[in-house]
Amino acid sequence: MRLADKVAIVTGAASGMGAATARRFGTEGAKVVVADMLEQEGRAVADSIGAAGGTAVFMALDVTDEAGWKAVVEQTVRAFGRLDILVNNAGISGSATNDLLDSGLWERVMAVNSTGVFLGTAAAVRQMRQNGGGSIVNLSSISGVVGQSMVHMSYNAAKGAVRIMTKSTAVQFGKERIRCNSVHPGVMPPMRTSGATADPEVRAKMLRAVPLGRSGEVDEVANAVLFLASDEASYITGAELYVDGGYLAM
Ligand SMILES: NC(=O)c1ccc[n+]([C@@H]2O[C@H](COP(=O)([O-])OP(=O)(O)OC[C@H]3O[C@@H](n4cnc5c(N)ncnc54)[C@H](O)[C@@H]3O)[C@@H](O)[C@H]2O)c1
């Protein structure tokens, strides 16, 4: 098993790519903390990991809450003894509004998608340096690399911040054996908070920009996260891995 005896926190694991990643980690032998604001859905994901023979617990977390992060890391160490892996995956969509100049969405997206990643990184680094290292995987996006016509610029700004924070983390904590890499999904199943980008006509237009000619699947992202989280990527840090069907190659 590729994550035998590892202890992992996956944020936003009640849904979508976070849930797929948590399940995959479970089958690869990790002890998984399913961290999310959605309690019912999060508990169901943790239960499904247990039913498949893995080990998982749900912990309620709002990634914008620094005290909440401290509590989740403490509970993780109490339950499983250490923290090896953090996947900063929780996020909200940049198409949650049709008003591309909405300042309220700027605040919300920056708080969850960018500040949430910083707070998670800080909480995890404090613990990982005590247990001799670890691996952090941050979910950025193709939106962290290029602008898009239908996406609020807060989403691009936040995902761009995640992309570069990943490299800061790699540079600052590499000597403490903490690796950090970013994964950049392309056109994937819509997020819970997606607006225009969930519209079939808009999606058809977006798919025309994908060389592989189709949407990605959540498990295809989970595979990339698994690789970077695992010891197979032991000499990879500060890297960005596009899981986008070739979108950024055009
Ligand atoms: N779906 C896409 O097209 C796409 C493409 C590129 C990148 N991404 C990124 O991938 C990640 C996962 O997206 P998804 O498609 O699985 O979305 P999703 O909406 O299915 O899942 C996001 C999860 O994050 C949780 N969440 C939101 N705010 C939170 C908060 N403050 N604290 C804790 N949890 C919170 C939600 O409850 C949900 O369970 C996100 O960071 C997203 O920005 C998505």
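Bear in mind the structure is a predicted one, so any value in this text is a computation, not a measurement. (Residues numbered from 1 in each chain as written. Predicted model: local features only at pLDDT ≥ 70, side-chain atom pairs only at ≥ 80, totals over all residues. Heavy atoms only, no water.)

**Remarks on the site of the ligand**
Surrounding the ligand, one finds 25 residues, the nearest of these being Ser 15, Met 17, Asp 36, Asn 89 and Tyr 155. With respect to the ligand, the side chain of Tyr 155 contributes an N or O atom lying 2.6 Å from an oxygen atom. At 2.9 Å, a backbone N or O of Pro 189 approaches a nitrogen atom of the ligand. With the chains in place, 92% of the 830 Å² that the ligand exposes on its own is no longer accessible. Every element with two or more residues in the shell around the ligand is listed here: α1 (16-27) and α5 (153-173). Residue composition of the shell around the ligand, by class: 13 nonpolar, eight polar and four charged. (Near = heavy atom within 4 Å. Polar contact = N/O pair within 3.5 Å; in protein donor to acceptor, adjacent residues only side chain to side chain. Areas by Shrake-Rupley, 256 points an atom, 1.4 Å probe, with all protein chains shown as cover. Helix = DSSP H or I, 4+ residues; strand = E, 2+ residues; numbered from the N terminus. Nonpolar A, V, L, I, M, F, W, Y, C, P; charged D, E, K, R; others polar.)

**Side note on the pairing of strand β1 (residues 7-11)**
With respect to burial, β1 is a largely interior element, five of its five residues being buried. Burial of the side chains of β1 extends over both faces: Val 7, Ile 9 and Thr 11 are buried on one face and Ala 8 and Val 10 on the other. With α1 bridging β1 and the parallel strand β2 (residues 31-36), this β-α-β connection has right-handed handedness. Where β1 meets strand β4 (residues 85-88), three bridges bridge the pair, whose relative direction is parallel. (Buried < 20%, exposed > 50% of the residue type's maximum accessible area, 1.4 Å probe, protein only. Right-handed = clockwise from strand over helix to strand, strands pointing away. Pairing = 2+ DSSP bridges.)

**A look at the nonpolar core**
Core analysis: the largest hydrophobic core is formed by 30 residues, its most contacted members being Ala 22, Phe 25, Val 32, Val 34, Val 183, Val 221 and Val 225. Mapped by element, the contributors of at least two residues to this core are β1, α1, β2, α2 (39-51), β3 (55-60), β4, β5 (134-139) and α7 (218-229). At six residues, α7 tops the list of elements feeding residues into this core. With near-sequence residues (within four places) excluded, Val 34 lies in contact with Val 10, Ala 13, Ala 14, Ala 22, Gly 42, Val 45, Ala 46, Ile 49, Val 57, Phe 58 and Met 59. Membership of the second largest hydrophobic core comes to 24 residues, among which are Met 59, Val 63, Val 72 and Leu 119. (Core = buried A, V, L, I, M, F, W, Y, C linked by side-chain atoms within 4.5 Å. Contact = heavy atoms within 4.5 Å.)

Such coordinate-based values are descriptive only and should not be taken to indicate function.
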